[in-house]
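# Close look at the chain arrangement
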Amino acid sequence: MIPDPIFDIRNVRHCHQGQPVLEMDHLVIQPQSIIGLIGPNGSGKTTLLNLLAGVDTPTSGCIRFKGGILAPFADATRFQISLLPQEPYLLKRKVYHNVAYGLMLRKQYRNQAVKVYEALELVGLDSEDFCSRPWHALSGGESRRVALAARLVLRPEVLLLDEPTAGVDSASIQRIKEAVLSARAEWGATMIIASHDWEWLEQVCDHVLHLYKGRILGEGRVNMLFGPWRSRGDGLHEKPLRDGQLFIVSSPPKRDACALVEHGALQVHGLQPVNAEGRHVLEALILNLTLERSSGCLLLWATVGNLDLYARIPPQSPGLHLLPGKTVWLSYDPQTVKWL
Amino acid sequence: MDFILTGLQTAILLLLQGDAQTYSAIAATLQVTGYSMSISLSVGIPTGFVLGYFDFRGKRQLRFIVDTLMALPTVFIGLLVYALLSNRGPLGQLGLLFTRPGIAMGQSILALPIVIALSATAVEAMDRQLRPALISLGANRRQLLFGILWEVRFGILVAAVNAYGRVMTEVGISMMVGGNIKWHTRTITTAIALETNKGLFSMGIALGLVLLLIAFGVNLSLSFLRKK
């Protein structure tokens, strides 16, 4: 039986100073899932997290949390959903009181010290050393981890993390990953994590959603290509790449439009295809191969001239002997290119 | 030059020997400033929060008026309160003219715009991440209000100290509304003005020293609170 969604977002529009910053027709988040949000700056990741946390109210549309309308300051919202903002703010108090603040708001005084120590240990901070430190005696990475501990100590049903690994060293990134995974394992937390760190998101999340200009483009990596595009005279347009190859697309809505090529639309060939049947072929160099955990497919990262492209290879694809550094050929139908 | 040094020596003696007239002025000053600060802080901090936190129509105009009122001359406030409290004035029946509460009323008018404007500035200058941080930790509306006030406490302390400095050192209101009545409404500043007019520098210097000591004490406590 499919459980009821923890979040059900329908027709949500949010504007900032009259400009639309988020437009989401339908998005469902299942309980105990870990969802990643990736996208360029201004793509709406932080806006979405703020709306889900009840920090902001959508301009229009409806967000349901566990079946009920999500209302800011309602007990269900403030006690079950916790957000770690992009630039976490530490209260002008000692680390102990920062971590214990949410417990005090909930009037949870029992075993408070033990809970605070456990939360600090969970994010890799020595509780004896850090508890008595004032807020101003912490580095950027330490502040971020203290802020995360202040959320983890609450054991919220939903944890929303905005750029949790930004400005944090590699050892701490590993600690944060462990903390996130243990939050789900220990109390079944649902998590939505916005980040630019694709590799980290892939390791932690069940699904990664790609946002662009306030809309969800799709799941996983997407290939975005920016103009300018020039006409070829045959109804198609092209963009020259640094190595002399051409990226050919269908007619763009404007000269500088952004093209979207889904990685499923790119086909990988071990040998140069003789008869491409209307498909355009590009010679590419493999940079990396990773396993896409959610689909079981291989994700190929290749470079074509100055362009990085991602292609998904279904499991057990015959005849492909792929290794980083090897040359492959990518083919696609220019008519399948979408415009953003 | 000698009369200043002699005045300083006599001033220290007056303070050490507990001169009744000197200590009466000190007590009057502490009492009226205590009243006026209580009123201006209890009204000014919430008003300053509203002015700094919320966006509403006419906010800029209101802020402009409050900022202008910060420069109100004390003699003008004295005149206004005198007119209100005199027998012919609308509040004449309260009998507050030439009383300490009357002075406190005038000083509250003096301190209020300072507390409102500087508190509003402190709230406006708060880190924009504070609100989402408090909400995301589970604060309700009341907890959010007190959480923000606590986080901007240094700014509000500065507002309070500035206002206290202004009411402590004003002469116009105390002189006009209080009448400078010996043992009753004579404050430190009105006493200094009177004694200097009479050529009695020693008491003036003694009271001046007390003013300095109070200012020192207030700043010391502010610095202690900042460290906490």
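Residues numbered from 1 in each chain as written. Chains lettered and ligands numbered in written order. Predicted model: local features only at pLDDT ≥ 70, side-chain atom pairs only at ≥ 80, totals over all residues.

A few words now on the environment of Val55(A). Tracing the chain through its elements places Val55(A) in the loop between helix H1 (45-53) and strand E4 (60-65). Put simply, Val55(A) and Trp339(A) are 284 residues apart on the chain and 32 Å apart in space, counted from C-alpha to C-alpha. (Helix = DSSP H or I, 4+ residues; strand = E, 2+ residues; numbered from the N terminus.)

Our focus in this paragraph is the interface of chain A and chain B. Taken together, the contacts link 21 residues of chain A with 14 residues of chain B. Secondary structure elements with two or more residues in the side of chain A that touches chain B: H1, helix H2 (75-80), strand E6 (81-84) and helix H3 (95-105) of chain A. The dominant element in the side of chain A that touches chain B, judged by the number of residues it contributes, is H3(A), at three residues. The class makeup of the residues in the side of chain A that touches chain B is 13 nonpolar, four polar and four charged. (Contact = placed C-beta atoms within 7 Å. Nonpolar A, V, L, I, M, F, W, Y, C, P; charged D, E, K, R; others polar.)

We now examine the sheet that holds strand E15 (residues 258-262) of chain A. Residues and elements named next belong to chain A. Taken in spatial order, the three strands line up as E11-E15-E21 in an open sheet, and their pairing is antiparallel. Single-partner strands in this sheet number two, and they are strand E11 (222-226) and strand E21 (338-339). Pairing between E15 and E21: two bridges, direction antiparallel. Residue pairing for E21: Leu260 is matched across the bridge by Lys338. (Pairing = 2+ DSSP bridges.)

The next subject is the confidence of the model for chain A. One rule of thumb: low pLDDT means the predicted coordinates there are not for detailed reading. Confidence in the prediction of chain A, expressed as mean pLDDT, is 89, and 99% of residues score 70 or more. Across chain A, the element-wise mean pLDDT spans from 84 in E11(A) up to 96 in strand E8 (residues 190-194) of chain A. (pLDDT = per-residue confidence, 0-100.)

Our focus in this paragraph is the environment of Pro334(A). Residue and element names in this part refer to chain A. Position of Pro334 relative to the elements: it lies in the loop between strand E20 (327-332) and E21. A residue is classified by how many C-beta atoms lie within 10 Å of it, and Pro334, with 20 of them, is buried. For the pair formed by Pro334 and Ala74, sequence separation is 260 residues and the distance between their alpha carbons is 50 Å. Apart from the residues within four sequence positions on either side, Pro334 is in contact with Leu236, Ile248, Val249, Ser250 and His280. (Buried ≥ 20, exposed ≤ 12 C-beta atoms within 10 Å, placed from the backbone.)

Residues and elements named next belong to chain A. In spatial order, the strands read E2-E1-E4-E5; together these four strands make up an open sheet with antiparallel pairing. The strands lining the two open edges of the sheet, one partner per strand, are strand E2 (19-29) and strand E5 (68-69). With five bridges joining them, strand E1 (residues 7-16) and E4 adopt antiparallel strand pairing. Its bridge partner lying in E4, Arg10 is registered against Cys62.

Moving on: H3(A). All names here are of chain A. Along H3, the positions that sit buried rather than exposed are Val95, Asn98, Val99, Ala100, Tyr101, Gly102 and Leu103. Those residues of H3 that are buried lie in contact with helix H4 (112-122), helix H5 (127-130) and helix H6 (140-152). Note on H3: the residue one or two positions beyond its end, Lys107, has a positive phi of about 60 degrees.

In this section: the pairing of strand E13 (residues 237-240) of chain A. Residue and element names in this part refer to chain A. Note: strand E12 (residues 230-231) against E13, two bridges, orientation antiparallel. For Arg230, the partnering residue across the bridge sits in E13 and is Glu238. Taken together, E12 and the strand that follows it, E13, pair antiparallel across an intervening segment of five residues, in which Gly233 is found at a positive phi of about 90 degrees. Note that E13 and strand E14 (residues 246-249) share four bridges and pair antiparallel.

Moving on to the environment of Asp169(A). All names here are of chain A. Within the element layout of this structure, Asp169 appears in the loop between strand E7 (158-162) and helix H7 (170-187). Residue Asp169 is classed as exposed on the basis of its 11 C-beta neighbours within 10 Å. Along the primary structure Asp169 and Gly141 are separated by 28 residues, whereas in three dimensions their C-alpha atoms are 7.2 Å apart.

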